[in-house]
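Notes for the structure review
Spelled out, the chains give:
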Amino acid sequence: MKKRSREPKPLHPVLASAVTGPALIKYLASCNSRLRSQSLQLIHSWLSSETQLLSEPDIGRLWKGLFYCLWHSDKMQNQVALINRLTSLFLSLHPPLSLEFFRGFLVTLRREWPGIDRLRLDKFYLLIRRFVRVLLEMFRSRDWDRDVVGDYFSVLDKYGFTADDKLRGNGVNYHVVSVFLEELKSVGFPVKREVVYALFSPFFEALLKSQDKILLGKIKSCVFDELVKLGRDLLAKKKMGVTCDEQDGTVLLGIVALSMGLSEKLYEVGSRVDCIQGNRKVILGLHEEFQKLEKELESSGIKIAIPEYHAADDEVPQLVPIECHASMPDGGIQTAIDTNDDDDGCHKKRKKAKMSKKKCKEIRRQEKKVSETSSVEKNVELLSSNPDAVSGDLKSGTNEIMLDEATLQLLRKSFEEVAGGDLGSPKTPVSLMKPKKRRRADAANEHDNGGEGTFKDGNDEIIGSENSAGKSTAKKVRFAMKRNLVWKPQNPLPPENLRLPPSVTPRGSALKKGVLPGPIIEPLPLQKRMKNKMKKKNKKAAQNRLSMAESSVTRLQRKMRKMISN
């Protein structure tokens, strides 16, 4: 059935009165989702046509409304759609206005970050990631102009990494650092020294001026340590002669680590006069790591060519249809039609019964197994009924009969059974299905009949049994709990060849040679042990007090005796 085209909902009556753009901002934080989406659409059309710069308070109010617009969106699908709308709004703005929009984004998120609870944190993480991605895509659309990259990253440095305000939204900076290399890999960039230094300029400035030790650790581990790792991996692949895709993001970052002179740049940053003394140790440590990597490249004698940058084309290549009717064997088209019919039936059943995807997959697997088993059975029947034809075909050298692996396994099993059994024994049909488990009722009947077909030794173990077809089943071991066996510590140890349940097996000193089996003492719980310890301590203290009192009494008695004697 064709879906009916949805008619656009009429404009909310509240928005009809608000003609100007700034008057629409307050409706972005509304609890009504329809009002929020319509106001965002009107703001999008207003800002994309705006050529003049907005004032700083207007940018702050706009981003506060957009923040709470995302705050109120509940489901993941709605959140992703709203974030995509915000990033498309950023791309549609004129360059000076988009720069102010990016500044408002950083300031608002850092201001509101401490108030975000853990349930809403993921969507704001996604917002930061998408903005970093869109920012890099905008650089790519402007041919990685150094001035454009410098303008936006100076805003990131001034209002983000090295901001002088008292805002406590350092989590925004941490997430930007942890996401940057992943998004740069996926976008791709020209491997030129000017572009690379412009892209990593905010991290150099943060290493130089930032007093946040956590941010320094994030920049070291998520950016520069990752570059060193990628450079070593690329060098190892080149030594082994493995060909690498030069347009891959990981390969590009490895080339940056090896041949862009980052050790010199880090030494230059660390030797500046205005560098913080605590940061200088981290910077010089990174300089040594990159220097080691560059020396390894020189000693290996491998030359790494810098790849040419090609902008990604947006055109989709045309797909050429492949005709495969001639290569299909007889009945191939019919089987394809049958499988499609089966799939359609499965879809209908799923729609009617509202089954989950897992159940439908299980049904398809079972149908596949049944079809495979039926094909194997047919092949076995053909081979058993027409052995002369098969031998003639094999002698003539034709390869018309195609045997699957399943049929070959079944033939091997049947040949092994024929070779292992008597020649006069009747042929047993090869069964593809697994043997059914015995029911409990059948086991009870056998027990009542005296246990026919089972052989037990003295240790109550079932050694083997024979079914109705005359085949011996595998060895089974069962514990006979009729006598309710319980091992007591004073009794002798059970024989080693006797299989016993865990409750009967001895523990502790009974397993040691030369030590008689004693009672099994279970340890007391912690509270009782602590109580007993306290009782012992109190008893000891009371005994000490009594002894002290007795000694003092004896001293007094001695003094009294001396006085009386004198």
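So, here is what we can say about the structure in this document. It should be emphasised that the depicted structure is a prediction, and the values quoted were computed from it without experimental measurement. Within each chain, residues carry numbers counting from 1 in the order of the written sequence. Note on the predicted model: pLDDT of at least 70 is required for a residue's local features to be given, and 80 or more for side-chain atom pairs to be given and counted; whole-chain, interface and lining totals, by contrast, use all residues. Side-chain measures were taken over the full set of non-hydrogen atoms in the model, leaving aside hydrogen atoms and water.

**Looking at unusual backbone geometry**
Inclusion rule: By definition, any uninterrupted DSSP run of H or I lasting at least four residues is a helix, any uninterrupted run of E lasting at least two residues is a strand, and each is numbered from the N terminus. Only protein chains enter the accessibility calculation, which uses a 1.4 Å probe. A residue is then buried if its area is under 20% of the maximum for its type, exposed if over 50%, and partly exposed in between.
Non-glycine residue aspartate 143 carries a positive phi angle of around 60°. For aspartate 143, the location among the structural elements is in the loop between helix H6 (121–141) and helix H7 (146–161). Aspartate 143 sits in the exposed class, given a relative accessible area of 66%. With phi around 50°, tryptophan 144 is a residue other than glycine that occupies positive phi space. Tracing the backbone through its elements, the reader meets tryptophan 144 in the loop between H6 and H7. Of the residues examined, tryptophan 144 reaches a relative accessible area of 4% and is grouped as buried.

**Quick word on the nonpolar core**
Filter applied, for reference: For the purposes of this section, nonpolar cores are sets of buried Ala, Val, Leu, Ile, Met, Phe, Trp, Tyr and Cys residues that join through side-chain atoms within 4.5 Å.
By size, the foremost hydrophobic cluster in this structure holds 101 residues, and its most contacted members are Phe139, Phe189, Leu199, Phe200 and Phe224. Per element, the largest residue contribution to this core is 12 residues, and it comes from H6.

**Overview of the pattern of salt bridges**
Quick note on the threshold: Whenever Lys or Arg places a side-chain nitrogen within 4 Å of a carboxyl oxygen from Asp or Glu, that contact is recorded as a salt bridge.
Tallying each qualifying case throughout the model produces 13 salt bridges. With a shortest N-O distance of 3.9 Å, glutamate 56 and arginine 103 are connected by a salt bridge. Of the two residues, glutamate 56 sits in helix H3 (residues 56–72) while arginine 103 sits in helix H5 (residues 95–112), which places them 47 residues apart along the sequence. Classification of glutamate 56 by relative accessible area gives exposed; the value is 57%. When its relative accessible area of 9% is taken as the criterion, arginine 103 is described as buried. Notably, a salt bridge pairs arginine 129 with glutamate 182, separated by 3.1 Å at the nearest N-O pair. Within this pair, whereas arginine 129 is found in helix H6, its partner glutamate 182 is found in helix H8 (residues 170–187), the two being separated by 53 residues in sequence.

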